[in-house]
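# Per-entry structural report
One-letter residues, chain by chain:
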Amino acid sequence: MMNKNIVEIIDALAEHKDSDSIRVLEELGTNSPDNEVRECTSKALVRKNVHDSLKVVIINQGKGINDLSPTVAMSTINEILSLKDKSEVIKILDDTINMHSDESVKENARSVKSLLALS
(Lines give C-alpha, C1' and ligand atoms only; values in the text may rest on other atoms or scores of the structure.)
Protein backbone atom coordinates (compact mmCIF):
# COMPACT_ATOMS: atom_id res chain seq x y z
CA MET A 1 0.00 0.00 0.00
CA MET A 2 1.30 3.40 -0.98
CA ASN A 3 2.25 5.87 1.73
CA LYS A 4 -0.66 8.21 2.59
CA ASN A 5 1.65 11.23 2.46
CA ILE A 6 2.63 10.44 -1.12
CA VAL A 7 -1.02 10.19 -2.13
CA GLU A 8 -1.75 13.53 -0.45
CA ILE A 9 1.20 15.19 -2.21
CA ILE A 10 0.11 13.85 -5.61
CA ASP A 11 -3.48 14.96 -4.96
CA ALA A 12 -2.29 18.42 -3.91
CA LEU A 13 -0.20 18.76 -7.06
CA ALA A 14 -3.24 17.70 -9.09
CA GLU A 15 -5.16 20.65 -7.65
CA HIS A 16 -2.51 23.26 -8.53
CA LYS A 17 -3.12 25.22 -11.71
CA ASP A 18 0.49 26.10 -12.49
CA SER A 19 2.66 24.29 -15.03
CA ASP A 20 5.26 23.47 -12.38
CA SER A 21 2.83 21.02 -10.81
CA ILE A 22 2.61 19.13 -14.11
CA ARG A 23 6.40 19.13 -14.42
CA VAL A 24 6.82 17.73 -10.90
CA LEU A 25 4.18 15.06 -11.47
CA GLU A 26 5.84 14.06 -14.73
CA GLU A 27 9.44 14.09 -13.52
CA LEU A 28 8.92 12.42 -10.16
CA GLY A 29 5.61 10.58 -10.41
CA THR A 30 5.53 9.10 -13.90
CA ASN A 31 9.21 8.13 -13.67
CA SER A 32 8.83 6.38 -10.32
CA PRO A 33 9.89 2.73 -10.14
CA ASP A 34 6.75 2.11 -8.05
CA ASN A 35 3.66 1.09 -10.07
CA GLU A 36 1.26 2.55 -7.51
CA VAL A 37 2.96 5.95 -7.59
CA ARG A 38 2.88 5.96 -11.41
CA GLU A 39 -0.78 4.93 -11.37
CA CYS A 40 -1.79 7.62 -8.88
CA THR A 41 0.25 10.22 -10.78
CA SER A 42 -1.25 9.33 -14.16
CA LYS A 43 -4.74 9.59 -12.73
CA ALA A 44 -3.89 12.99 -11.24
CA LEU A 45 -2.57 14.24 -14.58
CA VAL A 46 -5.76 13.10 -16.34
CA ARG A 47 -7.96 14.75 -13.69
CA LYS A 48 -6.20 18.07 -14.38
CA ASN A 49 -7.69 17.76 -17.89
CA VAL A 50 -5.46 20.40 -19.50
CA HIS A 51 -3.36 20.06 -22.63
CA ASP A 52 0.04 19.79 -20.93
CA SER A 53 -1.04 17.20 -18.37
CA LEU A 54 -2.96 15.05 -20.86
CA LYS A 55 -0.04 15.16 -23.28
CA VAL A 56 2.20 13.53 -20.64
CA VAL A 57 -0.04 10.47 -20.27
CA ILE A 58 -0.89 10.08 -23.97
CA ILE A 59 2.19 10.78 -26.09
CA ASN A 60 5.06 9.57 -23.90
CA GLN A 61 6.38 6.05 -24.28
CA GLY A 62 6.37 4.29 -20.91
CA LYS A 63 3.94 6.71 -19.26
CA GLY A 64 0.17 6.80 -18.77
CA ILE A 65 -1.62 4.80 -21.47
CA ASN A 66 1.80 3.60 -22.72
CA ASP A 67 3.05 2.40 -19.31
CA LEU A 68 4.60 -1.07 -19.29
CA SER A 69 2.43 -1.99 -16.31
CA PRO A 70 -1.03 -3.03 -17.56
CA THR A 71 -2.51 -1.81 -14.26
CA VAL A 72 -1.11 1.70 -14.73
CA ALA A 73 -2.14 1.83 -18.40
CA MET A 74 -5.69 0.60 -17.74
CA SER A 75 -6.29 2.88 -14.76
CA THR A 76 -5.13 5.83 -16.89
CA ILE A 77 -7.51 4.80 -19.67
CA ASN A 78 -10.38 4.41 -17.20
CA GLU A 79 -9.65 7.88 -15.80
CA ILE A 80 -9.73 9.30 -19.36
CA LEU A 81 -13.05 7.56 -20.03
CA SER A 82 -14.52 9.08 -16.86
CA LEU A 83 -13.74 12.69 -17.86
CA LYS A 84 -16.80 14.86 -18.34
CA ASP A 85 -15.15 17.10 -20.93
CA LYS A 86 -13.22 14.94 -23.37
CA SER A 87 -12.55 17.61 -26.02
CA GLU A 88 -8.88 18.20 -25.14
CA VAL A 89 -8.08 14.51 -24.80
CA ILE A 90 -9.64 13.82 -28.22
CA LYS A 91 -7.49 16.56 -29.81
CA ILE A 92 -4.32 15.09 -28.32
CA LEU A 93 -5.30 11.55 -29.33
CA ASP A 94 -5.93 12.73 -32.91
CA ASP A 95 -2.58 14.55 -33.04
CA THR A 96 -0.83 11.49 -31.64
CA ILE A 97 -2.46 9.18 -34.18
CA ASN A 98 -1.57 11.49 -37.06
CA MET A 99 1.89 12.71 -36.09
CA HIS A 100 3.67 10.51 -33.54
CA SER A 101 6.75 8.65 -34.78
CA ASP A 102 6.32 5.57 -32.55
CA GLU A 103 3.84 3.06 -33.96
CA SER A 104 2.99 1.50 -30.57
CA VAL A 105 2.13 4.95 -29.14
CA LYS A 106 -0.06 5.62 -32.20
CA GLU A 107 -1.79 2.26 -31.77
CA ASN A 108 -2.50 2.90 -28.07
CA ALA A 109 -3.96 6.31 -28.97
CA ARG A 110 -6.18 4.66 -31.61
CA SER A 111 -7.38 2.11 -29.05
CA VAL A 112 -8.23 4.77 -26.46
CA LYS A 113 -10.02 6.86 -29.10
CA SER A 114 -12.08 3.80 -30.06
CA LEU A 115 -13.00 3.24 -26.42
CA LEU A 116 -14.04 6.89 -26.12
CA ALA A 117 -16.30 6.49 -29.15
CA LEU A 118 -18.01 3.55 -27.46
CA SER A 119 -18.45 5.28 -24.09
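A quick note: this is a predicted structure, and the numbers were derived from the prediction, not measured. (Residues numbered from 1 in each chain as written. Predicted model: local features only at pLDDT ≥ 70, side-chain atom pairs only at ≥ 80, totals over all residues. Heavy atoms only, no water.)

What follows deals with helix H6 (residues 87-99). For H6, with 13 residues, the first-to-last C-alpha span of 18 Å sits near the 18 Å given by 1.5 Å per residue. Residues of H6 that are buried include every one of Glu88, Val89, Ile92, Leu93, Thr96 and Ile97, and no others. For H6, the arc enclosing every buried residue in end-on projection is 170 degrees, short of the 170-degree limit, so these residues lie on one face. In H6, the exposed positions angled more than 90 degrees off the buried face are occupied by Asn98 and Met99. For H6, the secondary structure elements touched by its buried residues are helix H4 (51-59), helix H5 (70-81) and helix H7 (103-118). (Helix = DSSP H or I, 4+ residues; strand = E, 2+ residues; numbered from the N terminus. Expected span 1.5 Å × (residues − 1). Buried < 20%, exposed > 50% of the residue type's maximum accessible area, 1.4 Å probe, protein only. Arc of directions from axis to C-beta. Contact = heavy atoms within 4.5 Å.)

As a further point, take the packing of helix H3 (residues 35-48) against H4. In a packed pair of helices, the relevant descriptors are the angle between the two axes and the axis-to-axis distance. It is at 7 Å that the axes of H3 and H4 come closest, and there the two elements cross at 140 degrees. One element, H3, and the other, H4, form an angle in the oblique class. Relative to H4, H3 is oriented so that their crossing is left-handed. When H3 is examined against H4, the residues Ser42, Leu45, Val46 and Lys48 are found in contact with a partner set consisting of Ser53, Leu54, Val56 and Val57. Looking at the contact of H3 with H4 residue by residue, the class counts come to five nonpolar, two polar and one charged. (Axes fitted to C-alpha atoms, helices over the stretch in contact; angles between N-to-C directions. Parallel < 35°, antiparallel > 145°, perpendicular 65-115°, else oblique. Left-handed = near helix turned anticlockwise from the far one by under 90°. Nonpolar A, V, L, I, M, F, W, Y, C, P; charged D, E, K, R; others polar.)

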